[in-house]
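# Observations on chain architecture
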Amino acid sequence: MKIVHIANHVQEVGNGIVNVMVDLACEQAKMGNEVIVVSGGGSYEELLNQYDVVHYKLDQTRKPAPMLRAFFQFRALMKRVRPDIIHAHMMTGALLSRYLKGLNSYKIVTHVHNEFQKNADLMRVGDAVIAVSNAVAESMAARGIKESKLKVVRNGTVGSPRKIHVSSMLDLKGSIIVTVAGLYTRKGIGDLIEAFDRIAAKVEDVRLYIVGEGPDRTLFEKMAGLSIYRNQIKFEGFQLDPASYMQAADVFVLASHKDPFPLVLIEAREAGCAIVATDVDGIPEALDHGGSGVLVPPKQPALLAEAIIELLEDTKKREYFRERAKQGLEFYQVQRVAEETLHIYREVLSR
């Protein structure tokens with residue numbers, strides 16, 4: 001099968017959409033398919049090349065002149081490549097694929113990674129629409145996408161070709177809380193900082209490590225700076241290999257307000273973390289509806305703090321959730337994600 005994946009870029013910056021696409025492209029190529037990635041480029045090009053995935057650079061900047069150039073360049077490329085499937089992971093690629101469809105024989109598969117975005121409605125242009133969780137599929141159905149088009153493929157990171165970094169053990173002192181997330185308000189970083197004041201008032205020698213980068217970092221740093229425990233809150237920035245922080249954590253936290261199906265929770269489970277996360281969107285599905293981690297309501301720092309304190313103080317319960325996190329991970333193999341996606345391709349091609 002000849003498959004084209006299209007996204008805005010392939011930068012190694014912790015973008016979950018890009019990470020899922022790169023994993024899929026490499027795994028599908030390993031399975032014997034002819035795979036091409038079209039994007040604005042980035043550091044993952046080298047990894048794609050190692051898996052014999054061809055990369056074509058296409059600037060998809062959302063301004064009139066670049067978009068017009070992208071339209072004609074993509075049209076010429078598709079005429080030359082003649083793919084069976086175009087798999088669009090972002091809105092720009094979905095629209096380019098649809099505008100150029102005409103008499104072309106390819107089928108379009110769109111992938112809804114961030115359902116909370118308003119422009120996610122545009123992903124309806126696919127012959128099939130992949131949702132990363134049942135929660136996302138239900139939301140997209142409520143927004144008018146035909147249920148016959150919607151297919152659920154839950155994300156997976158186990159066996160990812162991206163995991164080529166060697167984790168070094170971190171020697172972190174005290175009781176360690178870790179979050180790994182983009183520094184956006186929707187990730188609940190502010191709630192976690194507020195909760196930390198309550199935690200630090202009760203738990204001796206506790207520290208919070210915030211791993212990630214994003215546009216709201218300054219806001220969160222100012223918020224942390226107002227805390228009397230500010231010296232115990234560490235901003236670590238983006239890390240190529242955050243597994244070392246996860247392995248050092250007593251408790252891993254994801255306090256998101258919205259999160260369709262976060263890859264980081266599967267990575268935290270692989271690291272054997274005791275997890276506290278919010279009960280929103282696809283997060284319960286990633287944690288076996290509370291079987292593999294503690295779920296709390298979103299936007300409630302007091303309840304978040306209470307759950308974290310309990311795990312920090314109750315060694316038996318913490319170890320129980322460490323063990324539970326590691327169970328059932330065979331489902332989250334990248335190979336399974338690739339196989340389910342290929343099945344969807346075959347289904348739309350046979351119509």
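Anyway, here's the lowdown on the structure attached to this text. Think of each chain on its own: its residues are numbered from 1, step by step along the sequence as written. Local features are withheld for residues below a pLDDT of 70 in this predicted model, meaning they are given only at 70 or higher, and side-chain atom pairs are given and counted only at 80 or more; totals for whole chains, interfaces and linings count all residues. Excluding hydrogens and water, the side-chain figures rest on all heavy atoms present in the structure.

### Some remarks on the overall build of the chain
In terms of regular secondary structure, the chain is built from 13 helices and 13 strands. Values of the radius of gyration come from C-alpha atoms, whereas the globule rule sets the reference at 2.2 Å times the count of residues to the power 0.38. Since a compact globule built from 351 residues should have a radius of gyration of about 20 Å, the 21 Å found for the chain is in line with a globular shape. When its C-alpha atoms are laid out on the principal axes, the chain stretches across 65 × 40 × 40 Å. Buried means the residue's accessible area, taken with a 1.4 Å probe over protein chains only, is under 20% of the maximum for its type, while exposed means over 50%, and partly exposed covers the values in between. Burial status across the chain gives 55% buried among its 351 residues. As presented, the chain carries roughly 15,300 Å² of accessible surface, and 49% of it is formed by carbon and sulfur atoms. None of His or the chain ends enter the tally, which takes Lys and Arg as positive and Asp and Glu as negative. To locate a charge, the coordinates of NZ of Lys, CZ of Arg, CG of Asp or CD of Glu are taken. Separation between the mean location of the 44 positive side-chain charges and that of the 43 negative ones in the chain comes to 8 Å. Going along the chain from the N terminus, every DSSP run of H or I of four or more residues is numbered as a helix, and every run of E of two or more is numbered as a strand. We get accessible surface area from the Shrake-Rupley algorithm with a probe of 1.4 Å; when it comes to residues, only the shown protein chains can shield them.

### Quick word on helix α6 (residues 189-202)
Here α6 spans 20 Å end to end across 14 residues, near enough to the 20 Å set by a 1.5 Å rise per residue. Regarding α6, the residues found buried are I189, G190, D191, L192, I193, A195, F196, I199 and A200. Buried residues along α6 sit against β8 (175-180), β9 (206-211), α7 (217-225), β10 (233-237), β11 (251-254) and α11 (301-313). What a helix is expected to span follows from its residue count: subtract one and scale by 1.5 Å. Here, two residues are considered to be in contact whenever any of their heavy atoms come within 4.5 Å of each other.

### Comments concerning the side chain of S39
Considering the arrangement of structural elements, one finds S39 in strand β2 (residues 34-39). Polar contacts, as used here, are pairs of N or O atoms within 3.5 Å; protein pairs need one atom able to donate a hydrogen and one able to accept it. Residues neighboring in sequence count only if both atoms are side-chain atoms. A polar atom in the side chain of S39 sits 2.9 Å from the backbone nitrogen of G41. The residues contacting S39, other than those within four sequence positions of it, are A7, N8, H9, V10, H55, Y56, K57, L58 and Q60.

### Here's the deal with α7
Since one α-helical turn is 3.6 residues long, residues separated by three or four positions face the same way. Burial in α7 covers these residues: R217, F220 and A224. The buried side chains of α7 occupy one side of the element, clustering within an arc of 65° when seen end-on. On its buried face, α7 is in contact with α6 and β10. To obtain the arc, one takes the directions from the helix axis to the C-beta atoms.

### Here we look at the sheet that holds β9
Any two strands between which DSSP finds at least two bridges are classified as paired. Read from one edge to the other, the open sheet built from 6 strands follows the order β10-β9-β8-β11-β12-β13, with strand pairing classed as parallel. At either margin of the open sheet sits one strand with a lone partner, and together these are β10 and β13 (294-296). When strand polarity is set aside, the average angle formed by the axes of neighbouring strands in this sheet is 20°. Pairing of strand β12 (residues 275-278) with β13 involves 3 bridges; the strand directions are parallel. Note on β13: the bridge partner recorded for A277 is L295. Throughout, an axis means a line fitted to C-alpha atoms (over the contacting stretch in the case of helices), and angles, computed between N-to-C directions, take values from 0 to 180 degrees.

### Side note on the pattern of salt bridges
Whenever a carboxyl oxygen of Asp or Glu lies within 4 Å of a side-chain nitrogen of Lys or Arg, that contact is scored as a salt bridge. Within this structure, the stated rule accounts for 18 salt bridges. Residue K151 pairs with E347 through a salt bridge whose shortest N-O separation is 2.8 Å. Placement of K151 in strand β7 (residues 150-152) and of E347 in helix α13 (residues 334-349) is noted, with a sequence separation of 196 residues between them. Across the pair E221 and R217 runs a salt bridge whose closest N-O atoms are separated by 2.8 Å. Pair noted here: E221 and R217 are both in helix α7, with a separation of 4 residues, about one helical turn. Residues joined by salt bridges that share partners form a network here, namely E115, D121 and R143.

### Some words on the packing of aromatic side chains
Here a pair means two rings of Phe, Tyr or Trp (six-membered ring of Trp) with centres within 6.5 Å. Their orientation is stacked below 30 degrees between planes, edge-to-face above 60, and tilted elsewhere. As enumerated under the stated definition, the model contains 5 aromatic pairs in all. Look at F71 and F72: their rings are 5.3 Å apart centre to centre, the planes differ by 90°, and that puts the pair in the edge-to-face class. A relative accessible area of 43% places F72 in the partly exposed class. Centroid distance F331 to Y332: 5.0 Å. Interplanar angle 90°. Geometry classified as edge-to-face.

### Structural notes on the pairing of strand β6 (residues 128-131)
Going residue by residue along β6, you find A128 and I130 tucked away on one face and V129 and A131 tucked away on the opposite face as well. As paired strands, strand β5 (residues 107-112) and β6 are joined by 4 bridges and run parallel to one another. In the sheet register, V109 faces β6, and the bridge partner there is A128. Taken together, the 3 bridges between β6 and β7 define a ladder with parallel strand orientation.

### Points about the sheet that holds strand β3 (residues 54-57)
The strands that make up a sheet are held in pairs by hydrogen bonds between backbone atoms, and each pair lies either parallel or antiparallel. Strand order across the open sheet formed by 7 strands is β3-β2-β1-β4-β5-β6-β7, with parallel pairing between neighbours. Every interior strand has two partners, whereas the edge strands, β3 and β7, have only one. Along the sheet, successive strands turn relative to each other by an average axial angle of 25°, direction set aside. Relative to β5, strand β4 (residues 85-88) runs parallel, the two sharing 4 bridges. Within the sheet, the bridge partner assigned to I86 lies in β5 and is I108.

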